[in-house]
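Working through the structure, step by step
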Amino acid sequence: MMQHLIVFPVVLPLVAGILLLYQRQGLVRYKRTVSVAATVLLLLVAIGLLRQAASGEITYYALGDWQAPFGIVLVLDRLSALMLLLTAVLAVGAVVFACAGDDEKGSNFHGLFQWQLLGINGAFLTGDLFNLFVFFEVLLLASYALLLHGGGKARIQASVHYVVLNLAGSSLFLIAVGILYGATGTLNMADMAIRVAELSAERDGLVSAGALMLLVVFGLKAAILPLYFWLPKAYASAPAPVAALFAIMTKVGIYAILRVYSLIFGDSAGDLEALEQPWVWWLSLATLAAAGVGVLAARDLRLLVAYLVLVSVGTLLAGIGMRSPQAVSALIYYLIHTTLITGGLFLLAEMIGLQRGKAGTRIVKGRPMVQGAALAMLFFVGAIAVAGIPPFSGAFGKALMLNAAEGTQRLWLWPLLLLTSLASLIALSRAGSTLFWRSHRGTISGTPLSRCQWFGVIWLLSAAPLLVAMAGPVSSYTQATAEQLANPQVLIRTLLPDAGDAQ
């Protein structure tokens, strides 16, 4: 049974999605039960896989028992196991929140939700470059429909931009995969790493072109400047549970950069080594600066949280650009923090908007809220955490990032990251004071919120103190993950024992 556990994060949401889409009309309780049960089971599977990967052993599952490099393989290492667990934790909060009523605002929410999990999990597990493209398409197709869930002019407008840009990215991805396949003769990432290391000089230019095209595609998924303009409106207009799940979507792009450029274009790639480093480093700093301006300019709470996602993207990509195990360890810790906290803030913004009547999530004065005190406390925790103020996990994560910078990197990263944190604190302070302190006159508005909504927000925002309380074991795991990524020969030997020594 344990040897088949790796395939469960793909099979489980696939089967659940089929069951949910088969019963398209009515049966709300059935849909919620199946969806929540499948997501909780996915969380338990992810915990089991993390425990399995924590030993440092890399395992794989060959579909149809066709071995690499000819067959399709799912690969489990420390990084993929961590990303699976992070996705499952985020999904539990989002799907329970949706059961308060958001899932009934359109059709097929739960089935599409499960298929988006299928695409995300598959992208984290696949060891094949073409199947990375396939899983990208699965998660994108589900996200197109989820973004439109409930309808509305703003969602339709944002979805058009989102769909067009991602279709262009998918086309570029397919072209890049074709170029790399033509140059190396393989699509298995471990096998491609070996062949890139042995590549003849006349094919270097072709592989470089394919690698840089992949960087553009992954940069679009991660929302790096100048490819991020689709994100703020798309995330701000999406239904709250969908926006919360979308918090992991940019991390799929970051994961892909980490995986592809550490494995295929790692130390053994010769002149192709560090191909992405200068691009990622400088564009990540530009993303940080632009996101800081966007945070200050936001006049809607959902848009503010969307720009906070971009701040995290710039910070994470700066960790990749620093290109050291210490920086990778820091960015993985920060990735856990920012995914859960921004996901929780999207849900919290929806709760605040529901209790403010016509004012909604706009950062303007409104009537006092029925449960304003509890919402204010949760907002305070989320704001302090995401801005990077002690004692919560944001401060610890950013301290690790700053400490990982070396030499001239500090001259650029320190002022930009600290100024962006200050901008976030100012924007969140202004939002909190307007929403809660300045809204003390008039008749109390809103109705009590559902327990499902409270659970979803508290489930995700509780990561802020928990990541600090468990900073020791979490940091040890992230450090071991960074060291494993820096040594791709282990993965290559696991998948291709006869060819691994060529590295």
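Details of the structure are given in the entry above.
The text that follows walks through the structure, step by step, so that each part is easy to find. (Residues numbered from 1 in each chain as written. Predicted model: local features only at pLDDT ≥ 70, side-chain atom pairs only at ≥ 80, totals over all residues. Heavy atoms only, no water.)

**Describing the overall build of the chain**
The line we're drawing: Going along the chain from the N terminus, every DSSP run of H or I of four or more residues is numbered as a helix, and every run of E of two or more is numbered as a strand. To get the radius of gyration, use the C-alpha atoms; to get the globule rule, take the number of residues to the power 0.38 and multiply by 2.2 Å. Categorising residues by exposure relies on relative accessible area from a 1.4 Å probe, with only protein chains included: less than 20% of the type maximum marks a residue as buried, more than 50% marks it as exposed, and the intermediate range marks it as partly exposed.
Per the secondary structure count, the chain includes 21 helices and two strands. Over its C-alpha atoms the chain spans a radius of gyration of 22 Å, differing by no more than 12% from the 23 Å that the globule rule assigns to 503 residues. When the backbone C-alpha atoms are referred to their principal axes, the chain occupies close to 75 × 55 × 40 Å. Burial analysis of the chain (503 residues in total) assigns 61% to the buried set.

**Comments concerning the packing of helix H5 (residues 129-147) against helix H11 (residues 249-263)**
When two helices pack together, you describe them by how their axes are tilted relative to each other and by the distance separating the axes. To be explicit about the condition: In this description, a line fitted to the C-alpha atoms serves as the axis of each element, helices being fitted only across the stretch in contact, and the angle between N-to-C directions of two axes falls anywhere from 0 to 180 degrees. Just so you know how the angles are binned, under 35 degrees is roughly parallel, over 145 roughly antiparallel, 65 to 115 roughly perpendicular, and the rest oblique. Only heavy atoms enter the contact rule, under which two residues are in contact if any of them lie within 4.5 Å. The nonpolar class holds Ala, Val, Leu, Ile, Met, Phe, Trp, Tyr, Cys and Pro. Asp, Glu, Lys and Arg form the charged class, and all remaining residues, Gly among them, are polar.
At a closest axis distance of 12 Å, the pairing of H5 and H11 adopts a crossing angle of 175 degrees. Relative to H11, H5 is oriented roughly antiparallel. Two secondary-structure elements touch here, H5 through Leu129, Phe136, Leu139 and Ser143 and H11 through Met249, Val252, Ala256 and Val260. Its residues assigned to classes, the contact of H5 with H11 comprises seven nonpolar, one polar and no charged.

**With respect to unusual backbone geometry**
The general pattern is negative phi for most residues beyond glycine and trans for most peptide bonds. For the peptide bond that leads from Ala68 to Pro69, omega is 10 degrees, which places it in the cis range. A cis amide bond links Leu225 with the next residue in sequence, Pro226, at an omega value of 5 degrees. Its place among the elements puts Pro226 in the loop between helix H8 (204-222) and helix H9 (231-237). In this structure, Asn108 takes a positive phi of about 65 degrees despite not being glycine.

**Description of the environment of Ile257**
By the element assignment, Ile257 lies in helix H11. When the C-alpha positions of Ile257 and Val370 are compared, they lie 45 Å apart, and in sequence the two are 113 residues distant. In this structure, Ile257 is in contact with Leu215, Phe218, Ser262, Leu317 and Ile320, ignoring residues within four places of it in sequence.

**Comments concerning the packing of helix H14 (residues 325-355) against helix H15 (residues 372-387)**
Note the following rule: Helix crossings get a hand from a simple test, with the near helix turned counterclockwise from the far one by less than a right angle marking a left-handed crossing and a clockwise turn marking a right-handed one.
Running from N to C, H14 and H15 cross one another at 150 degrees; their axes reach a closest spacing of 10 Å. With respect to H15, the axis of H14 lies roughly antiparallel. As for the relative orientation of H14 and H15, their crossing is left-handed in sense. Contacts from His337, Ile341, Thr342, Leu345, Leu348, Met351, Ile352 and Gln355 in H14 reach Gly372, Leu375, Leu378, Phe379, Gly382, Ala385 and Val386 in H15. Here the contact of H14 with H15 is built from residues that sort into ten nonpolar, five polar and no charged.

**Here's the deal with the packing of aromatic side chains**
Rules: Stacked, edge-to-face and tilted labels apply to pairs of Phe, Tyr and Trp rings (six-membered ring for Trp) whose centres lie within 6.5 Å, assigned for plane angles under 30 degrees, over 60, and everything in between, in that order.
Taken as a whole, this structure holds 20 aromatic pairs when the rule is applied. Ring plane angle 70 degrees and centroid distance 5.5 Å describe the contact between Phe136 and Phe173, whose orientation is recorded as edge-to-face. Of this pair, Phe136 sits in helix H5 while Phe173 sits in helix H6 (residues 153-184), placing them 37 residues apart in sequence. Both residues of the pair, Phe136 and Phe173, count as buried. What links up through ring pairs into an aromatic cluster is the set Tyr144, Tyr162, Trp230, Tyr235, Phe246 and Phe346.

**Thoughts on the state of the cysteines**
Note on terminology: disulfide describes a covalent bond linking the sulfur atoms of two cysteines. Formally: For this text, the term disulfide refers to a pair of cysteine sulfurs within 2.5 Å.
Enumeration according to the criterion identifies zero disulfides in this entry. Of all cysteine sulfurs, the one in Cys452 lies closest to Cys99, which takes part in no disulfide; the gap is 5.8 Å. The exposure class of Cys99 is buried, given its relative accessible area of 11%.

**Notes on a nonpolar patch on the surface**
The line we're drawing: Without a salt bridge and with relative accessible area above 30%, a residue can belong to a patch; like charges are then joined within 9 Å and nonpolar side chains (Val, Leu, Ile, Met, Phe, Trp, Tyr) within 5 Å. Reported accessibility uses the Shrake-Rupley method at a 1.4 Å probe radius. Residues are deemed covered only where the shown protein chains occlude them. Definition used for salt bridges: Asp or Glu carboxyl oxygen within 4 Å of a side-chain nitrogen of Lys or Arg.
A surface patch of nonpolar side chains, about 550 Å² in accessible area, is lined by Val11, Leu14, Val15, Ile18, Leu19, Leu27 and Tyr30. Its place among the elements puts Leu14 in helix H1 (residues 8-22).

**Here's the deal with the pattern of salt bridges**
Scanning the entire structure with this criterion turns up six salt bridges. With a shortest N-O distance of 2.7 Å, Asp103 and Arg32 are connected by a salt bridge. Here Asp103, found in the loop between helix H3 (78-98) and helix H4 (109-125), pairs with Arg32, found in helix H2 (residues 28-53); they are 71 residues apart in sequence, far enough to count as distant. Where Arg32 meets Glu104, a salt bridge forms, and the shortest distance between an N and an O atom there is 2.9 Å.

**Some points on the pairing of strand S2 (residues 73-76)**
Put simply, the rule is: Only strands that DSSP links by at least two bridges are regarded as paired with each other.
The alternating pattern of S2 places Val73 and Val75 on one face and Leu74 and Leu76 on the opposite face, and all of these are buried. By the bridge criterion, four bridges tie strand S1 (residues 59-62) to S2 in an arrangement that is antiparallel. Bridge pairing in S2 links Ala62 to Val73.

**What about helix H13 (residues 301-322)?**
Let me state the cut-off plainly: Each residue after the first adds 1.5 Å to the expected span of a helix. Residues adjacent in sequence count toward polar contacts only when both atoms are side-chain atoms; beyond that, a polar contact is any pair of N or O atoms within 3.5 Å, and within protein one must be able to donate a hydrogen and the other to accept it.
For H13, built from 22 residues, the straight-helix expectation of 32 Å at 1.5 Å per residue is met to within 8% by its first-to-last C-alpha distance of 32 Å. Where burial is concerned, most of H13 is hidden: 20 out of the 22 residues are buried. A distance of 2.9 Å separates the backbone nitrogen of Arg302 from a side-chain oxygen at the start of H13, and that oxygen is part of Asp300.

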